[in-house]
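So the chains spell out like this:
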Amino acid sequence: MKIIKQASAGTMESSDAYVEIEPRDNGLDIHIESVVEQQFGEKIEATVREVLAEFDLNDAEVRIVDRGALECVIRARVETAIQRGGGEV
Amino acid sequence: MSKLVKSIKEVVELVGLKDGMTVSFHHHLRNGDYVLNMVMAEIAAKGLRDINVNASSLFDTHAPILEHISNGVVTGIAADYIGAGVGRAISEGILEKPVQFYTHGGRASSISLGRTPIDVAFIAAPTSDPMGNCSGKYGKSACGSLGYAFADAMYAKKVVVITDNLVPYPLTDFSISEDYIDYVVEVDAIGNPKGIVSGTTKITRDPVGLVMAAHAAKVIEASGLLKDGFSFQTGAGGASLAAAKFLKDIMVEKQIQGSFGLGGITGYMVDMLKAGCFRTLMDVQCFDLTAVESLRENPNHQEISALQYASPSCKSAVVDSLDVVILGATEIDTDFNVNVHTDSNGYIMGGSGGHSDTAAGAKLSMIIAPMFRARLPIVTESVTCVSTPGQTVDVLVTQGGIAVNPRRKELADNLKSAGLPIIDINELKEKTERITGSPKKLNRGDRVVAEVIGREGNLCDKIYSVSKK
Amino acid sequence: MRRSLLFLPGNNPNMLINAGYLGSDAVIFDLEDAVSPAEKDAARILVRNTMRYMQLDCEKIVRINSVDTAYWKADIDAILPEKPSLLLLPKASSPEDVIQVASYMDEVEEKLGYANGSVGIMPLIETALGVENAYAIAVSSSRVKALFLGAEDLTADIQCKRTKEGREIEYARTRLVVAARAAGVDVYDTPFTDVNDDEGIVVDAKLAKSFGFTGKASISPRHVEVINSVFSPTLAEIKYAYDVIEAIETAKKQGKGAISLNGKMIDAPIVARAERTIAMAEALGIERRDDCE
């Protein structure tokens, strides 16, 4: 899959995450801002990369504002953003 | 003789304040308080340095104190509670000497024993007469009880009453009496009524909070303590208030008449008094207008001092007769030690207040907290800061189960036979981490920014600076 | 055992992740009314993930979108693999509505390699036509495990005001209970919607139980405990159930044909009810006590 347009998913509510995704030419660029950055920053990035890999996405810019979302919620929001911004190659 | 002084500026001269001295304040005006800032501004203007501030609590409204710290006017702080605004700066290391955190009972006790002597106490009084008989029940800035100010008034070398409602001598229904007071100053306003007490404190609508509250009420019911003569304290947090409401329903239905409700008093405790759940309210601080009005009107609603409330060195304190207290936590570890001083990133945003005092005194001390907040598990291997030692904490109520301190086996048995979902605290920790993942430990800074003093005057724990990335 | 069914909005992480702790026997993840059209995709994925990754100690039901929308097939595609116990099908007005969904579920189950019929359907009856077709709907597919009354949309459809007392839905209530029982399936009552009326919910839940409903839905966790307690057997009912079973056993031993208890004849429906009551009491851990009225 390829990101063909800018898209977002999720909210800034507590326990949720807001994800924006944009087309990019070379590689992944992931920005994470989180209220639990110290405790879970690395895990969040790993989760995001996993979901991107599931969709075989190698080029995208992803920005996440995390409000303490559980992993299953982050996965859902990233997947929704991908579905909304993506198209087949 | 006249004790009336025209201005705070003048009284700062008269009391003989010098570099290095200690001034004290109480926090019944909470986030609406003007007095601490007004007094400290005059102290700074006079060019004094190296002043110690002993305040029962500091709120965000007291942020100007940070400038006095930066300028060297204030070099020492003792408090029972510091809000997030001032707390953040402390955690970032603005003050060289560690803040001394006391408990409400421990602060009063230390003052009375002369361990923390006060040179000048400033008492924000919503009503006073010219000789200093004063009260919090009347006036536009009414805050109800003046409980935390009594020890300051009784033991400080000089005592100044600052009021915005000067009434003719004598004020009949006084709380603190003229025999302790040196000077009285009238000002336009001692505080902003909006920040002093809230109109109403509300029960939580958060579903998880309600589930925990229902569990909490059932724990109390099953503990064996809920019978005639029952006594109770709860915090003003949403889930704690909901627990009080559920408890009231049980008490009314079973026609149980308790002896007293204690603590910071809210409208919900007043409702329980009116419904016959208690004979008396023992009130060290009012949280809302309903509580203020009740203290003024209802003879069964009694103001008490912090000494009587919780001092471990008094001949007796009310907490020693307390059956059940409901408390909060930002973290609790598998030994039941509780942190209420710092937030999840290590910043100071609270303090013990009466937490440790009531936990130590009550027959059943209960913590209510959700299994996790913003992905952070409530149960940790070891808390960032021990505010209240685990030996004094009996039970943790979460939405995902109730953990009983292993020291209280008979309590665990009672709760189990009442059909409550009991869970080992280590299991609860694992169960939570299966949901959240296990958090990486915080990096802490290398400087001690605060010392937590236990109620007996012992060093309980140290709080470290927050390392900024 | 399904006394209480709690609706949770499908796109609200804070509610979903706590679904297992709110005390209800079943939760209904809502992809329909609680989710705006622009967020249908997000809610579907969020609910799917919640079911996949969270261990929830309660039964999971999902309200999909109705067959007159563009969403219902995608809902089933996403949700069925997570094996909910039931799909709540809104605006079920005719047997055809159910059959259409059931046959699509057949397809998806086959693709997944799941046993046919592993997930049930609970038609949500909330139109005048649906009420009139209640029995036909209940027997339209072996997937139908229960009927569910939705009074808000129904009262709009029959053009009357929804009241707390609920006189306007009395006919629909009795009709649904009779239809469901005739078809041999369970039947659930509409939520009581004033979340701040603590007395009203008690009255409404008792009323529903008196009509014969199996349980009751709720839109607020505050109502769950009341519903659970109203729909649990009382101590007196439990005692009576045990008495019935004992009377039967005694009669069997004595070789009697007709059995009576306290002067009343005991027949098969009474025995069946006693057995259900005892099973429920055992599931709830309520022990028999003889000192109750």
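All values reported here derive from a predicted model rather than from experimental measurement. (Residues numbered from 1 in each chain as written. Chains lettered and ligands numbered in written order. Predicted model: local features only at pLDDT ≥ 70, side-chain atom pairs only at ≥ 80, totals over all residues.)

### Describing the overall build of chain A
Phase 1: The helix and strand tally for chain A stands at two helices and six strands.
Phase 2: Secondary structure elements of chain A, listed N to C terminal, follow the sequence β-β-β-β-α-β-α-β.
Phase 3: Radius of gyration (C-alpha) of chain A: 12 Å, near the 12 Å computed for a compact globule of 89 residues.
Phase 4: Oriented by its inertia axes, the alpha-carbon framework of chain A measures out at about 35 × 20 × 15 Å.
Phase 5: Here the contacts in chain A between residues at least 6 apart in sequence split such that 77% fall between residues at least 24 apart. (Helix = DSSP H or I, 4+ residues; strand = E, 2+ residues; numbered from the N terminus. Rg over C-alpha atoms; globule rule 2.2 N^0.38 Å. Contact = placed C-beta atoms within 7 Å.)

### Description of the sheet that holds strand β6 (residues 146-149) of chain C
Residues and elements named next belong to chain C.
Phase 1: The strand order around the closed barrel formed by eight strands is β1-β2-β3-β4-β5-β6-β7-β8, and the pairing between neighbours is parallel. Each strand axis lies, on average, 25 degrees off the axis of its neighbour in the sheet, ignoring direction.
Phase 2: Direction of pairing for strand β1 (residues 4-9) relative to strand β2 (residues 26-30): parallel, over a ladder of five bridges. Looking at the pairing, P9 lines up with D30 of β2. (Pairing = 2+ DSSP bridges. Axes fitted to C-alpha atoms, helices over the stretch in contact; angles between N-to-C directions.)

### Re the interface of chain C and chain B
Phase 1: Facing nine residues of chain C, the contacting portion of chain B comprises nine residues.
Phase 2: Within the side of chain C that touches chain B, the residues separate by chemical class into four nonpolar, three polar and two charged. (Nonpolar A, V, L, I, M, F, W, Y, C, P; charged D, E, K, R; others polar.)

### Considering the sheet that holds strand β5 (residues 60-66) of chain A
All names here are of chain A.
Phase 1: Strand order in the open sheet formed by four strands is β2-β3-β5-β4, with mixed pairing between adjacent strands. The strands lining the two open edges of the sheet, one partner per strand, are β2 (7-10) and β4 (28-34). Looking at each pair of strands side by side, their axes are set apart by 10 degrees on average, direction ignored.
Phase 2: The sheet contact formed by β4 and β5 spans seven bridges and is parallel. By the bridge assignment, S34 is partnered in β5 with D66.
Phase 3: Contacting β2, β3 (17-22) and β5, helix α2 (residues 71-85) runs over the sheet at an angle of about 30 degrees to β3.

### Brief notes about the domain arrangement of chain B
Residue and element names in this part refer to chain B.
Phase 1: For chain B, the assigned domains read domain 1 (4-196) and domain 2 (207-442).
Phase 2: Placing the centre of domain 1 and that of domain 2 at their C-alpha centroids yields a distance of 29 Å.
Phase 3: Counting from both sides, the interface comprises 30 residues of domain 1 and, opposite them, 32 residues of domain 2.
Phase 4: A per-element tally of the side of domain 1 that touches domain 2 places helix α5 (residues 104-113) first, with seven residues.
Phase 5: Along the lines of polarity and charge, the residues of the side of domain 1 that touches domain 2 split into 13 nonpolar, 13 polar and four charged. (Domains from an automatic or database assignment.)

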